[in-house]
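Fold and contact review
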Amino acid sequence: MAIINKGFGSRRRQKDERIPPGQYLTRDFPVLSAGPTPLIDNAEWTFEIDFLSGERKSWSWEEFMLLPQEDITVDIHCVTAWSKLETTWRGVSLDVLLGDEVDPDGFLMAQCHGGYTTNVPLEDVLDGKAWIAHTYDDEPLEPEHGGPARLLIPHLYFWKSAKWVSGLTEMAEDVPGFWESNGYHNHGDPWKEERYW
Ligand SMILES: Nc1nc2c(c(=O)[nH]1)N[C@H]1C(S)=C(S)[C@@H](COP(=O)(O)O)O[C@H]1N2
Ligand SMILES: [Mo]
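Residues numbered from 1 in each chain as written. Chains lettered and ligands numbered in written order. Predicted model: local features only at pLDDT ≥ 70, side-chain atom pairs only at ≥ 80, totals over all residues. Heavy atoms only, no water.

1. Considerations on the overall build of the protein chain
Helix and strand content of the protein chain: three helices and eleven strands. Taken from the N to the C terminus, the helices and strands of the protein chain come in the order α-β-β-β-α-β-β-α-β-β-β-β-β-β. Expected size for 197 residues packed as a compact globule is a radius of gyration near 16 Å; at 18 Å, the protein chain falls within 12% of this value. Oriented by its inertia axes, the alpha-carbon framework of the protein chain measures out at about 65 × 35 × 35 Å. Taken across its 197 residues, the protein chain has 48% of its residues classed as buried. For the protein chain, long-range pairs separated by at least 24 residues make up 65% of all intrachain contacts whose partners lie at least 6 apart in sequence. For the protein chain, the accessible surface area stands at approximately 10400 Å², while carbon and sulfur atoms represent 51% of it. (Helix = DSSP H or I, 4+ residues; strand = E, 2+ residues; numbered from the N terminus. Rg over C-alpha atoms; globule rule 2.2 N^0.38 Å. Buried < 20%, exposed > 50% of the residue type's maximum accessible area, 1.4 Å probe, protein only. Contact = heavy atoms within 4.5 Å. Areas by Shrake-Rupley, 256 points an atom, 1.4 Å probe, with all protein chains shown as cover.)

Below you can see the structure in the form of structure tokens.
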């Protein structure tokens, strides 16, 4: 008995250490969208990056699937206070997509079908910190959760993980996105509780 209790106790402590302050654990996957869910055909889907240099990179769905794919297991944290541990995704790293032509001191704006935007410093998405994900839990990402593809930046609050993402724009100066212009924190680190400002 004593051994079992000790086991549960240490497992709970380990979990607690993975839940940022003010967050609770959920097993569901709540849907949070500021507007209707756009339905996008994979055949019509494209992904574009506009670089400050004036260059534009663009991929069709087929081309995107030929890029190096990564399996990702991460904890996610919504500013409305739910956290979900060990979510599993498949997608393409932003390192692959951005290449080495971006200035790491710069910023990105994520653009989405439906008009949602969110801004992020490049240092928060380079070096294995962000992906364009198209698969969740071994299934094609459902439209409600951003399918065909969404941004995944798990170390920031989940509003930064733009659903139905259509492209990224490199910016020299930071510009607030949709929620960042409507009271949410500009950066959104859950460990610092950067919720609203
Ligand atoms: N395009 C788009 N992306 C979005 C949103 C949105 O309204 N539109 N909501 C954001 C918010 S506030 C959260 S918490 C997460 C929710 O993702 P989920 O619905 O898959 O849980 O998506 C983020 N990405
Ligand atoms: Mo959110």
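2. Description of the sheet that holds strand β11 (residues 165-171)
Spatially, five strands are ordered β3-β2-β11-β6-β7 in an open sheet, and the strand pairing comes out mixed. Looking at the sheet topology across the chains shown, the edges are occupied by β3 (56-60) and β7 (117-121). Each strand axis lies, on average, 15 degrees off the axis of its neighbour in the sheet, ignoring direction. Here strand β6 (residues 107-112) runs beside β7; their pairing, made up of five bridges, is antiparallel. Residue pairing for β7: A110 is matched across the bridge by T118. (Pairing = 2+ DSSP bridges. Axes fitted to C-alpha atoms, helices over the stretch in contact; angles between N-to-C directions.)

3. Let's talk about the packing of aromatic side chains
Applying the stated rule across the entire model yields 18 aromatic pairs. Residues F29 and W82 carry aromatic rings whose centres are separated by 6.3 Å and whose planes lie at 70 degrees to one another, so their mutual orientation is edge-to-face. Within this pair, whereas F29 is found in the loop between β1 (24-25) and β2 (46-50), its partner W82 is found in strand β5 (residues 82-93), the two being separated by 53 residues in sequence. The same class applies to F29 and to W82, which are both buried. Aromatic side chains Y116 and F178 sit 5.7 Å apart centroid to centroid with 50 degrees between the ring planes, which places their arrangement in the tilted category. One end of the pair, Y116, is in the loop between β6 and β7; the other, F178, is in the segment after β11, and 62 residues separate them in sequence. Taking relative accessible area as the criterion, Y116 reaches 17% and is therefore assigned buried. Note on F178: relative accessible area 32%, which makes it partly exposed. Ring pairs connect the aromatic residues Y116, Y157, W159, F178, W179, Y184 and Y196, which therefore count as one cluster. (Phe/Tyr/Trp six-rings, centres within 6.5 Å; stacked < 30°, edge-to-face > 60°.)

4. Regarding the nonpolar core
It is characteristic of soluble globular proteins that their nonpolar side chains tend to be buried jointly. Judged by nonpolar contacts, the single largest core of 34 residues is most densely connected at F47, F64, L94, L97, L98, V125 and I132. Residue assignment for this core shows that the elements contributing at least two residues are β2, α2 (61-65), α3 (94-98), β6 and β11. Residues within four places of L97 in sequence aside, it is in contact with F47, I49, F51, K57, W59, F64, L67, V92 and I132. With 13 residues, the next largest nonpolar core counts F29, W131, L152 and F158 among its residues. (Core = buried A, V, L, I, M, F, W, Y, C linked by side-chain atoms within 4.5 Å.)

5. Things to note about the site of ligand 1
Lining the immediate environment of ligand 1, one finds 20 residues, of which P30, A34, H145, R150 and K163 sit closest. Interatomic distance of 2.7 Å between a backbone N/O atom of A34 and an oxygen atom of ligand 1. Alone, ligand 1 offers 530 Å² of accessible surface; in the complex the protein occludes 97% of this. (Near = heavy atom within 4 Å. Polar contact = N/O pair within 3.5 Å; in protein donor to acceptor, adjacent residues only side chain to side chain.)

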